[in-house]
Amino acid sequence: MTKAKNEWLLIAQKALEKAYVPYSQFPVGACLVTKQGKTYQGINIENASYGLSNCAERTSIFKAVSEGEREFSHLVVAGDTSQPISPCGACRQVMAEFFEQDMPVTLVGKHGVVKEMTVAQLLPYSFTGQDL
């Protein structure tokens, strides 16, 4: 594993401490990397009205996009789970909107268990702007 990828893993894992999860007690952290190497940390943020909660993956994407970023190279998602954590369907669809299909996504569980995938593997046959 490269030094940069190790740093991204640490950023995502460190985000677990910041997650706002008073209801589920299920923290998730993310690290989104731009093509220029800038990182955006994301956490899941819950709400008593559960449907208004936001996942770590989308938090990192929305932070980056709100800062004008549009070109991304890697996403790391970390969970306090025994196996690598899987993004929800909403996050996968947002990934398909902003990421290239072959962009790597690293999924991390506790104790460093890792699974490498691409956006296309996470959401094959995704709905995109080309479908409109």
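Since the structure is predicted, the reported quantities are computational estimates derived from the model, not experimental observations.

(A) Region of the structure containing the overall build of the protein chain. The helix and strand inventory of the protein chain stands at four helices and five strands. Listing every helix and strand of the protein chain by position from the N terminus yields α-β-β-α-β-α-β-β-α. For the protein chain, the spread of C-alpha atoms along the three principal axes comes to 40 × 40 × 30 Å. By residue count, 45% of the 132 residues in the protein chain fall in the buried class. If you take every contact in the protein chain between residues at least 6 apart in sequence, the share linking residues at least 24 apart comes to 60%. Charge centroids of the protein chain, computed over 12 positive and 13 negative side chains, lie 5 Å from each other.

(B) Local environment of unusual backbone geometry. Even without a glycine there, the phi angle at Q25 is positive, about 55°. Its place among the elements puts Q25 in the loop between helix 1 (3-15) and strand 1 (28-34). The class of Q25 is exposed, set by a relative accessible area of 58%. One non-glycine residue, H111, lies in positive phi territory at about 65°. One can find H111 in the loop between strand 4 (104-108) and strand 5 (114-118). Among the residues examined, H111 registers a relative accessible area of 76% and is labelled exposed.

(C) Structural context of the UniProt feature "domain: CMP/dCMP-type deaminase" (unreviewed entry) in the protein chain. As recorded in UniProt, the sites labelled "domain: CMP/dCMP-type deaminase" (unreviewed entry) are residues 3-130. Helix and strand shares over residues 3-130 are 30% and 23% respectively, and the end C-alpha atoms of the span are 36 Å apart.

(D) Here's a closer look at the packing of aromatic side chains. As enumerated under the stated definition, the model contains two aromatic pairs in all. Measuring from centroid to centroid gives 6.0 Å for Y23 and Y50, while their planes differ by 80°, and the two rings are edge-to-face. A residue pair is termed long-range when its members are at least 10 positions apart, and Y23 in the loop between helix 1 and strand 1 and Y50 in the loop between strand 2 (39-43) and helix 2 (56-66) qualify at 27 residues. Judged by relative accessible area, Y23 falls into the partly exposed class, the value being 41%.

(E) Just the layout of surface pockets, in detail. In this model, the largest pocket occupies a volume close to 190 Å³. Taken together, 14 residues form the lining of the largest pocket, with F26, V28, N44, C55 and E57 sitting closest to its centre. Across the lining of the largest pocket, the residue classes tally to seven nonpolar, five polar and two charged.

Thresholds, definitions, all that
Residues numbered from 1 in each chain as written. Predicted model: local features only at pLDDT ≥ 70, side-chain atom pairs only at ≥ 80, totals over all residues. Heavy atoms only, no water. Helix = DSSP H or I, 4+ residues; strand = E, 2+ residues; numbered from the N terminus. Buried < 20%, exposed > 50% of the residue type's maximum accessible area, 1.4 Å probe, protein only. Contact = heavy atoms within 4.5 Å. Lys, Arg positive; Asp, Glu negative; His and termini not counted. Charge placed at Lys NZ, Arg CZ, Asp CG, Glu CD. UniProt positions renumbered as here; feature names shortened; annotations may be inferred. Phe/Tyr/Trp six-rings, centres within 6.5 Å; stacked < 30°, edge-to-face > 60°. 1 Å grid on protein atoms, 1.4 Å probe; cavity = no way out; pocket = protein on both sides within 12 Å on 5 of 7 lines; lining within 4 Å. Points joined across faces, edges and corners; volume = space filled by probe spheres on them. Nonpolar A, V, L, I, M, F, W, Y, C, P; charged D, E, K, R; others polar.

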